[in-house]
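# Understanding the architecture of this molecule
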Amino acid sequence: MSSRFTVVPTSFDGLKILERRIVGDERGSFHRMFCANELAAAGWKSPIAQINFTRTTLRGTIRGMHYQRAPFAEMKLVACVSGRVLDVVVDLRAGSATFLKWFSVELSEDNHCSVLVPEGFAHGFQALTDDVALLYSVSSPFTAEAEGGLNPLDPRIGIDWPLPVSTISARDAGQPHVTDAFEGMKLDAA
Ligand SMILES: Cc1cn([C@H]2C[C@H](O)[C@@H](COP(=O)(O)OP(=O)(O)O[C@H]3O[C@H](C)C(=O)[C@H](O)[C@H]3O)O2)c(=O)[nH]c1=O
């Protein structure tokens, strides 16, 4: 069976864009959202621990930048199943050549792209249309006590959000800015 995904590497180690191949017929279309075999080859090495669905009502809303500290760090496979978002990740891996650098990709219902985010990244997005929905698989269960966050408007990270922020949670708006003391995530931390 031919591949159901085209895996596109990025300049960030382990961060991949997956283009889902659409199978269509007179009834409509079919595409695979996850495939253990193909995803293992792309770097997804763990069972799926959770699949999350979020709906965001207003264009311009930002959710993020969230991560879980080791040993609860998560891989994420993120897809937009309604509307359009700018999906953004920040590399928090201690010693990474792209430490504290950000990467963005547009995900939409129509472009059939997912982003495979390795452990050690903060993740967030901005809704580019009203009524966006994200469906994303994570490799580690939600662990509130291990949650961390970056301020999505932190000038030191410098994320270039395309729209004025329309809505942001108090929690996200109140996240601390990165200081010189921030050494990043040591993923082999016990
Ligand atoms: C992530 C998560 C949250 N929750 C609870 C915690 C809160 O009571 C409520 C909303 O959580 P939060 O405000 O963190 O939701 P988002 O702002 O959409 O956060 C998510 O969106 C950004 C973009 C991410 O990448 C993370 O996966 C995730 O943090 O759901 C759960 O019960 N289980 C979960 O797995």
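Residues numbered from 1 in each chain as written. Predicted model: local features only at pLDDT ≥ 70, side-chain atom pairs only at ≥ 80, totals over all residues. Heavy atoms only, no water.

The protein chain carries the name dTDP-4-dehydrorhamnose 3,5-epimerase family protein in an unreviewed UniProt entry, which gives Taklimakanibacter albus as its organism.

## Looking at the site of the ligand
Surveying the vicinity of the ligand reveals the residues Gln50, Asn52, Thr54, Arg63, His66, Lys76, His123, Gly124, Tyr136, Phe142, Glu147 and Arg171. Within the contact set of the ligand, an oxygen atom lies 2.8 Å away from a side-chain nitrogen or oxygen of arginine 63. Histidine 66 places a side-chain nitrogen or oxygen 2.7 Å from an oxygen atom of the ligand. Within the complex, the protein chains bury 63% of what would otherwise be the 640 Å² of accessible surface of the ligand. Among the elements of the structure, strand S5 (50–56), strand S6 (62–68) and strand S11 (121–127) are those that each provide at least two residues to the shell around the ligand. In terms of residues, the shell around the ligand owes the most to one element, S5, which gives three residues. (Near = heavy atom within 4 Å. Polar contact = N/O pair within 3.5 Å; in protein donor to acceptor, adjacent residues only side chain to side chain. Areas by Shrake-Rupley, 256 points an atom, 1.4 Å probe, with all protein chains shown as cover. Helix = DSSP H or I, 4+ residues; strand = E, 2+ residues; numbered from the N terminus.)

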